[in-house]
Amino acid sequence: MKRNLLLMLLLVCSGFSYAQKKATVESLKQAFEGKFYIGTALNLNQIWERDPAADKLIKSQFNSIVAENSMKSMHLQPQEGKFNFKDADKFVAYGEANNMFLIGHTLIWHSQAPSWFFKNEKGEEVSKEVLIERMRNHITAVVSRYKGRIKGWDVVNEAILDDGSWRKSKFYNIIGEEFIELAFKFAHAADPDAELYYNDYSMALEGRRNSVVKMIKNLKSKGIKISAIGMQGHLSLDFPKVEEFEKSILAFAAEGVKVMITEMDITVLPMPNRNIGAQVESNFAYKKEMNPYEDGLPKDKQTIFEKRYLDFFKLFLKHEDKISRVTVWGVTDADSWRNNWPMPGRTDYALLFDRQYNAKPVVKQIYRFGSSKKKP
C-alpha cells in the first residue's frame, strides 16, 4: 500500500514537473534584457486586442511596440486640422498598460501622407512657407499629445535614395533639404525629452550610409537633436551581406548616435525587381511563378532562413553597446506586409512566428544565444 502511494506521488510530481516545464515560454524580451529592447509592429486588430492569440504573443515576447500604420499622417490628419487620434490613443494605452517602450511612426514621410498636405484649395502646389507651417502644426499636435508617453519618434522616414542622393519628394521639392532640420526642431520643441530618429531602408548600401552620416554631422553641427538612426531590417536570403550591414552600424555609432533595427523581416520569396529596396509604392501584377511556396516552405529554404536570422541576431549582440532596439515588422507570418508587397497575393514566411502563432525553431536558437551572452 505504501509502495503504491509512493509510486503515485512520484508520478504526480513528475507530471507536475513536466507540465511546468512544458508551460515555460522562452521569452525574447527576457533573452535580451539589459542588452536592447525587442519590439514588434502592431496592426489594428492587435492594437484593439481582437486577436487573443496574437495578444498573448505580444505580451510574452516583446517589450517595445510601434504602430504599423495608424500613426502615419494620412490616418492621423486625413483633412487639414481634423485629427483622428482614436487608434493612436488605443495604441499608446495598450503599450502603457503593458509597460512597453513606445515608438511613434512616423511624423514626416513622403508616402502615406494626405494629399492636402501639398496642395491649396485650388489644387495647386503650396508654397514653401505654407508647407513648413503645415509640418509644424502636424508635428506639434501629434508629439504634444503624447508628450512623455511615446518615448521615441521616427521623425523623418526614407528621405535618401540608394546612391545617396536626396529623394525628390514633395517635402524636398518644395522646401529643400532644410525640411529634415525643421522636422527635428519641431519635434524637439514639442517634447524635449523624447528620442528623435531618422529611419530608412537599405542602410547597408554605401551611398545611403555615407549620406546618413553627413546628415547626422549636419544636424549635430547646428545643435539639432538626433538620438538614433533606424536601420530598417527588410532583408532577403542573400541581401545585404552581414558585413555591409555591420559597416553601417559602426559608421552611425561613430557619430555618437544609437542604432536601432526598426523593421526586421526576412523574405524567402524571389523579387520581381532587384532595385526596389523597400519602396512601398512598388507594385507588380501577380505571377504564380513568383509565389513558389504557397503550400509550405521547403526544408532547405527553412534552413537558410534560420541561419540568416541567427547571423543577424549574432551581429546585433556583438554590437549591443551600440544598438538600443530590434523590432520585427509584424507578429506572425499572417500579418506580414511581405505577403502583399511588391506583389499582392503571395505567401511569405518572413517573421519569427508562423501563421498558427507558433515560434519557429530559430526562436529557440536566438533565445539560447541571447541568454548565453549575459552582461558581466
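A. Inspection of the overall build of the protein at higher detail. In terms of regular secondary structure, the protein is built from 13 helices and 9 strands. Looking at the protein as a whole, 52% of its 376 residues qualify as buried.

B. View of the pairing of strand β6 (residues 228-231). The alternating pattern of β6 places Ala228 and Gly230 on one face and Ile229 and Met231 on the opposite face, and all of these are buried. For the handedness criterion, the β-α-β arrangement of strand β5 (residues 195-200), helix α10 (residues 206-221) and β6 is classed as right-handed. As defined by bridge partners, β6 adjoins strand β8 (residues 258-267) across 4 bridges and the pair is classed as parallel. Bridging from a neighbouring strand, Ile229 pairs with Val259 of β8.

C. How the structure looks around the confidence of the model for the protein. Chain-level pLDDT for the protein is 91 on average; 90% of the residues reach the 70-or-more range. This stretch, residues 1-24, has a pLDDT under 50; its non-local contacts, to residues over four places away or in other chains, come to 0 contacts.

D. Quick look at helix α7 (residues 128-145). Taking 1.5 Å as the rise per residue, α7 with 18 residues should run 26 Å; its terminal C-alpha atoms sit 26 Å apart, in good agreement. Those residues of α7 that sit buried are Leu131, Ile132, Arg134, Met135, His138, Ile139, Val142 and Val143. Down the axis of α7, the smallest arc covering the buried residues is 160°, so these residues share one side. Among the structural elements, α5 (73-76), β3 (101-109), β4 (152-157), α8 (170-175) and α9 (178-190) are those in contact with the buried residues of α7.

E. Structural detail: the nonpolar core. In terms of nonpolar packing, the biggest core is built from 100 residues, with Trp153, Tyr198 and Met264 touching the most fellow members. If near-sequence neighbours (up to four positions away) are discounted, Met264 is found in contact with Gly233, Leu235, Tyr309, Phe312, Phe313, Phe316, Val326, Thr327, Val328, Trp329 and Leu351. The next biggest cluster of nonpolar side chains, apart from the first, holds 10 residues, and it includes Phe101, Tyr197, Met260 and Trp341.

F. How the structure looks around unusual backbone geometry. In this structure, Thr106 follows His105 across a cis peptide bond, with omega equal to 0°. Tracing the backbone through its elements, the reader meets Thr106 in strand β3. Residues Trp341 and Pro342 are joined by a peptide bond in cis, for which omega reads -5°. Along the chain, the position of Pro342 falls in the loop between β9 (323-328) and α13 (361-372). In this model, Glu49 sits at a positive phi of 55°, which is unusual for a non-glycine residue.

G. Up close: the pattern of salt bridges. According to the stated counting rule, one finds 22 salt bridges in the structure shown. With a closest N to O distance of 2.8 Å, Asp55 and Lys59 form a salt bridge. Of this pair, Asp55 and Lys59 both sit in helix α4 (residues 52-61), 4 residues apart, which is roughly one turn of the helix. With its nearest N and O atoms 3.3 Å apart, the salt bridge here joins Lys322 to Asp321. Members of the salt-bridge network, linked through shared partners, are Glu49, Asp55, Lys59 and Lys90.

H. View of the packing of aromatic side chains. Tallied over the entire structure, the rule returns 19 aromatic pairs. Summarising the aromatic geometry, the rings of Trp337 and Trp341 are spaced 4.6 Å apart at their centres and angled 20° between planes, so their arrangement reads as stacked. Each member of the pair, Trp337 as well as Trp341, carries the same accessibility label: buried. Clustering of aromatic rings is evident, with ring pairs tying together Phe32, Phe36, Phe245, Phe305, Tyr309, Phe312, Phe313 and Phe316. Sitting above the plane of the Tyr201 ring, Arg208 keeps its charged end 4.7 Å from the centroid.

I. Looking closely at the side chain of His138. Topologically, His138 is positioned in helix α7. Looking at His138, the relative accessible area reads 1%, which means it is buried. Only 2.9 Å separates the side chain of His138 from the side chain of Gln77, close enough to count as a polar contact. When near neighbours in sequence (up to four residues on either side) are disregarded, His138 contacts Ser73, Leu76, Gln77, Phe83, Leu107 and Phe117.

J. Representation of the packing of helix α11 (residues 242-253) against helix α12 (residues 299-318) within the structure. Running from N to C, α11 and α12 cross one another at 25°; their axes reach a closest spacing of 11 Å. Classified by the interaxial angle, the pair formed by α11 and α12 is roughly parallel. When the axes of α11 and α12 are compared, the crossing they make is right-handed. Every residue of α12 that contacts α11 at Val242, Phe245, Glu246 and Ile249 is listed here: Arg308, Asp311, Phe312, Leu315, Phe316 and Lys318. Residues of the contact of α11 with α12, tallied by class, amount to 6 nonpolar, no polar and 4 charged.

K. Up close: the packing of α12 against α13. At their nearest, the axes of α12 and α13 sit 10 Å apart, and the two run at 25° to each other. The angle between α12 and α13 places the two elements in the roughly parallel class. Once α12 is placed against α13, the crossing between them reads as right-handed. From α12, Gln302, Glu306, Tyr309, Leu310, Phe313, Lys314 and Leu317 reach across to α13, where they touch Pro361, Val362, Gln365, Ile366, Phe369 and Gly370. Tallied by class, the residues present in the contact of α12 with α13 amount to 8 nonpolar, 3 polar and 2 charged.

What counts and what doesn't
Residues numbered from 1 in each chain as written. Predicted model: local features only at pLDDT ≥ 70, side-chain atom pairs only at ≥ 80, totals over all residues. Heavy atoms only, no water. Helix = DSSP H or I, 4+ residues; strand = E, 2+ residues; numbered from the N terminus. Buried < 20%, exposed > 50% of the residue type's maximum accessible area, 1.4 Å probe, protein only. Right-handed = clockwise from strand over helix to strand, strands pointing away. Pairing = 2+ DSSP bridges. pLDDT = per-residue confidence, 0-100. Contact = heavy atoms within 4.5 Å. Expected span 1.5 Å × (residues − 1). Arc of directions from axis to C-beta. Core = buried A, V, L, I, M, F, W, Y, C linked by side-chain atoms within 4.5 Å. Salt bridge = Lys/Arg side-chain N within 4 Å of Asp/Glu carboxyl O. Phe/Tyr/Trp six-rings, centres within 6.5 Å; stacked < 30°, edge-to-face > 60°. Lys NZ or Arg CZ within 6 Å of the ring centre and 35° of its normal. Polar contact = N/O pair within 3.5 Å; in protein donor to acceptor, adjacent residues only side chain to side chain. Axes fitted to C-alpha atoms, helices over the stretch in contact; angles between N-to-C directions. Parallel < 35°, antiparallel > 145°, perpendicular 65-115°, else oblique. Left-handed = near helix turned anticlockwise from the far one by under 90°. Nonpolar A, V, L, I, M, F, W, Y, C, P; charged D, E, K, R; others polar.

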